[in-house]
Amino acid sequence: MTCPMSLAGKHILITGASSGIGRQCAVQASRLGARVSLAARDRRRLEETRAAMEDPGAHRCFPFDLERTGEIRGLVEAAVEEGGPLDGLCHGAGMAAGRPLRDCRPEFVQRVFRVHAFAFLELVRCLSLGGRLRDGASLVGVSSVAAQRGGVSQAAYAAAKAAVNGLVAPAALELAPRRIRVNAVAYAMVDTPMFREFMEASGDPRLLERQALGVIDAASAANAVMFLLGDACPFITGAVLPVYAGY
């Protein structure tokens, strides 16, 4: 019986693959049989991710800064040239974006939007062009509970993640004729380096009390993306999957 979570034979592009949810998605995808193109700024950390994956030689690293949205087309073309047309995307790239409202100047907000929202839109756009994405592919953006329930110092981050959520439905409709699905996974607190930095900066352990099932481990977080990338859910598209742990 075929495992419904299998990604065997699929080529997946994962951004933000050098740490956190992106890294764990890369590891999980390799264990499920995928060939992965890994993208993030830091080559050394990308290589560390690849070393932790199943069959490291089957995967390719592409050092790239997702803030450079005008160059994303080149990233997509390079991944397709080396690994063939893609079967999936996980846009896991992100940046620490906690800043009080009084300090959310346009330059900072634009940076946050470039990494989280504009990059996702440009990835989806470039992938939708001929020959880069197989019919039946799955595109997944990483979002956050903050898009609906943002807290103090999350104005820019919450707005950017709300933009990610807003993209999935119209993109899903446009790509539906090719059976290409577009979704997002919205997380509450996940145990990643960025989350630990946030907790240290906030100095408020009461934040953890908001999440009834506790902080989500990165492997469990990645499994939600794997579910959407695989073939077990061919009719889920235009959706934002909440992984809130009772937040």
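Structure's up top.
The shown structure was predicted, so the numbers you read here are calculated from the model rather than taken from an experiment.

## A short note on the overall build of the protein chain
Moving on, step 1. Along the backbone of the protein chain there are eight helices and seven strands.
Moving on, step 2. The C-alpha atoms of the protein chain give a radius of gyration of 17 Å, which matches the 18 Å a tight globule of 247 residues would have.
Moving on, step 3. With respect to the three principal axes, the spread of C-alpha positions in the protein chain is 45 × 40 × 35 Å.
Moving on, step 4. Within the protein chain, contacts between residues at least 6 apart in sequence are counted, and of these 72% link residues at least 24 apart.

## Quick notes on the sheet that holds strand β3 (residues 60-63)
Across a sheet, strands are paired by hydrogen bonds formed along the backbone, either parallel or antiparallel in direction.
Moving on, step 1. Spatial strand order, β3-β2-β1-β4-β5-β6-β7: seven strands in an open sheet with parallel pairing. A single partner strand is all that each edge strand has here, and the edge strands are β3 and β7 (240-243). Recorded for the sheet is a direction-independent mean angle of 15° between the axes of neighbouring strands.
Moving on, step 2. Packing of helix α1 (residues 20-31) onto the sheet brings it into contact with β1 (11-15), β2 (35-40), β4 (86-91), β5 (133-144) and β6 (181-187), and relative to β1 it is tilted by some 165°.
Moving on, step 3. Against the sheet, helix α8 (residues 218-229) engages β1, β4, β5, β6 and β7, with an angle of about 170° to β6.

## What to know about the pairing of β1
Moving on, step 1. Across the five residues that make up β1, a large majority, five, are buried.
Moving on, step 2. Residues His 11, Leu 13 and Thr 15 line one face of β1 and the alternating positions Ile 12 and Ile 14 line the opposite face, and both faces are buried.
Moving on, step 3. Bridge analysis of β1 against β2 gives five bridges, and the strand direction is parallel. The partner of Leu 13 across the bridge, within β2, is Ser 37.
Moving on, step 4. Where the polypeptide runs from β1 across α1 and back to β2, its parallel neighbour, the crossover connection is right-handed.
Moving on, step 5. Sheet topology note: the β1/β4 ladder contains four bridges and is parallel. In the sheet register, Ile 12 faces β4, and the bridge partner there is Gly 88.

## A few points about the pattern of salt bridges
Moving on, step 1. Across all of its chains, the model carries 15 salt bridges by this definition.
Moving on, step 2. We note a salt bridge from Arg 43 to Glu 47, for which the minimum N-O separation is 4.0 Å. Here Arg 43 and its partner Glu 47 are both found in helix α2 (residues 43-51), four residues apart, which amounts to about one turn of the helix.
Moving on, step 3. Ionic pairing is found between Glu 82 and Arg 60, a salt bridge with its closest N-O pair at 3.5 Å. Here the residue Glu 82 occupies a position in helix α3 (residues 72-83), and Arg 60 occupies one in strand β3, the gap between them amounting to 22 residues.
Moving on, step 4. Three or more residues are tied together by salt bridges with common partners; here these are Arg 23, Arg 44 and Glu 48.

## Quick notes on the packing of α3 against helix α4 (residues 106-128)
Moving on, step 1. Across the interface, α3 lies against α4 with an axial gap of 9 Å and an inter-helix angle of 50°. By the angle between their axes, α3 is oblique relative to α4. Viewed along their axes, α3 and α4 form a crossing whose handedness is right-handed. Within the contact between the two elements, α3 uses Ile 72, Arg 73 and Val 76 and α4 uses Ala 119, Glu 122, Leu 123, Cys 126 and Leu 127.
Moving on, step 2. Looking at side-chain class alone, the contact of α3 with α4 contains six nonpolar, no polar and two charged residues.

## Considering the pairing of β6
Moving on, step 1. Of all the seven residues making up β6, seven are buried; the element is thus mostly covered by neighbouring parts of the structure.
Moving on, step 2. The side-chain alternation of β6 yields two buried faces, one formed by Arg 181, Asn 183, Val 185 and Tyr 187 and the other by Val 182, Ala 184 and Ala 186.
Moving on, step 3. Looking at chain direction, β5 and β6 are connected through seven bridges and run parallel. Across the sheet, Ser 143 pairs through a bridge with Ala 186, a residue of β6.

## Topic: the side chain of Ser 143
Moving on, step 1. Mapped onto the secondary structure, Ser 143 falls in strand β5.
Moving on, step 2. Classification of Ser 143 as buried rests on a relative accessible area of 2%.
Moving on, step 3. Reaching out from Ser 143, the side chain makes a polar contact with the backbone oxygen of Lys 161 at a distance of 3.5 Å.
Moving on, step 4. If near-sequence neighbours (up to four positions away) are discounted, Ser 143 is found in contact with Lys 161, Val 164, Asn 165, Ala 184, Val 185, Ala 186 and Tyr 187.

Calculation rules
Residues numbered from 1 in each chain as written. Predicted model: local features only at pLDDT ≥ 70, side-chain atom pairs only at ≥ 80, totals over all residues. Heavy atoms only, no water. Helix = DSSP H or I, 4+ residues; strand = E, 2+ residues; numbered from the N terminus. Rg over C-alpha atoms; globule rule 2.2 N^0.38 Å. Contact = heavy atoms within 4.5 Å. Pairing = 2+ DSSP bridges. Axes fitted to C-alpha atoms, helices over the stretch in contact; angles between N-to-C directions. Buried < 20%, exposed > 50% of the residue type's maximum accessible area, 1.4 Å probe, protein only. Right-handed = clockwise from strand over helix to strand, strands pointing away. Salt bridge = Lys/Arg side-chain N within 4 Å of Asp/Glu carboxyl O. Parallel < 35°, antiparallel > 145°, perpendicular 65-115°, else oblique. Left-handed = near helix turned anticlockwise from the far one by under 90°. Nonpolar A, V, L, I, M, F, W, Y, C, P; charged D, E, K, R; others polar. Polar contact = N/O pair within 3.5 Å; in protein donor to acceptor, adjacent residues only side chain to side chain.

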